[in-house]
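So you can see what is in the structure, the chains are spelled out below.
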Amino acid sequence: DLLKTIRVNDVYVSLDDKCYNEVAKVAAVEEQHYNAQPNNYLKGFLGAILGAGIGAVAWIVLYYLGFLSALTAVLAVFLGNYFYVKFGGKANNVKNIIVAAVSLVVLVLACVGIYYVEVGSVIAANNLNMTPFELIFSDEELTGMFVSDMAMNVIFTIIGVVAQIASTKRKDQSSRTRVSR
């Protein structure tokens, strides 16, 4: 028999016809099984919220300790990804979009929430007649801090999203047998 060089999960292998056909069968069955799996977007979405929420809590705790850490944003994205799949979402490109969007929104809301609470307590302590956002945007230094923290939050979240997509893309692809000539 002539050997055929094929690529199986990014590894090149030389196989005879019989072995090639066996590997191709396994790949076809795995692909059918994957395609037949249900994709529950709602449950996956809820899982992404849970994971991002856990990461946001870590972000808030570190913020109050005086740190801004990219690791908490990465944690939020990775946990969002993990719980998306655990709750029944299918590992595909839609997952990446949902997890990225949910993580970004949850972490931005965490940052806004921190400023709202902190500035609100200053307003209450000084009997000021304004909302937290009025004070934030009327004070140049406070505005700068808010914008800086938001920008860092978004940048860290984007780093987490890119790392998560790169990591899970390799994992998702390598978990199924892929055969090509």
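Residues numbered from 1 in each chain as written. Predicted model: local features only at pLDDT ≥ 70, side-chain atom pairs only at ≥ 80, totals over all residues. Heavy atoms only, no water.

Student: Could you clarify how one ought to interpret the packing of helix α3 (residues 70-86) against helix α4 (residues 93-125) in this entry?
Tutor: Helix packing for two helices is described by the angle between their axes and how far apart those axes are. Remark: α3 packs on α4, axes separated minimally by 9 Å, with the N-to-C direction vectors making an angle of 135 degrees. By the angle between their directions, the pair α3 and α4 is classed as oblique. Crossing hand, α3 versus α4: right-handed. Residue-level contacts link A73, A76, V77, G80, N81, Y84 and V85 of α3 to V94, K95, I98, V99, S103 and L107 of α4. For the contact of α3 with α4, the residue count by class is 9 nonpolar, 3 polar and 1 charged. (Axes fitted to C-alpha atoms, helices over the stretch in contact; angles between N-to-C directions. Helix = DSSP H or I, 4+ residues; strand = E, 2+ residues; numbered from the N terminus. Parallel < 35°, antiparallel > 145°, perpendicular 65-115°, else oblique. Left-handed = near helix turned anticlockwise from the far one by under 90°. Contact = heavy atoms within 4.5 Å. Nonpolar A, V, L, I, M, F, W, Y, C, P; charged D, E, K, R; others polar.)

Student: Please clarify how the packing of aromatic side chains should be interpreted in this entry.
Tutor: In this description, an aromatic ring pair is defined by two values, namely the gap between the centres and the angle between the planes. Scanning the entire structure with this criterion turns up 8 aromatic pairs. Considering the side-chain rings of F83 and F87, the 6.0 Å spacing of their centres and the 80 degrees angle between planes classify their relative orientation as edge-to-face. With a centroid separation of 5.6 Å and 90 degrees between ring planes, the pair formed by F137 and F146 is classed as edge-to-face. Given the relative accessible area of 48%, F137 is considered partly exposed. A residue is classified by how much of its surface remains accessible, and F146, at 9% relative accessible area, is buried. Here the aromatic cluster, defined as three or more aromatic residues joined through ring pairs, consists of W59, Y63, Y64, Y115, F137 and F146. (Phe/Tyr/Trp six-rings, centres within 6.5 Å; stacked < 30°, edge-to-face > 60°. Buried < 20%, exposed > 50% of the residue type's maximum accessible area, 1.4 Å probe, protein only.)

Student: Quick question: what am I supposed to make of unusual backbone geometry here?
Tutor: If a residue is not glycine, its phi is most likely negative; likewise, a peptide bond is most likely trans. Unlike most non-glycine residues, N127 shows phi in positive territory, near 50 degrees. Within the secondary structure layout, N127 lies in the loop between α4 and α5 (132-138). The class of N127 is exposed, set by a relative accessible area of 71%.

Student: Sorry, what's going on with the environment of L3 here?
Tutor: Secondary-structure assignment places L3 in the segment before β1 (4-8). Each C-alpha atom, one on L3 and one on Q32, is 27 Å from the other, the two residues being 29 residues apart in sequence. Not counting the four nearest positions on each side in its chain, L3 is found in contact with S14, L15 and D16.

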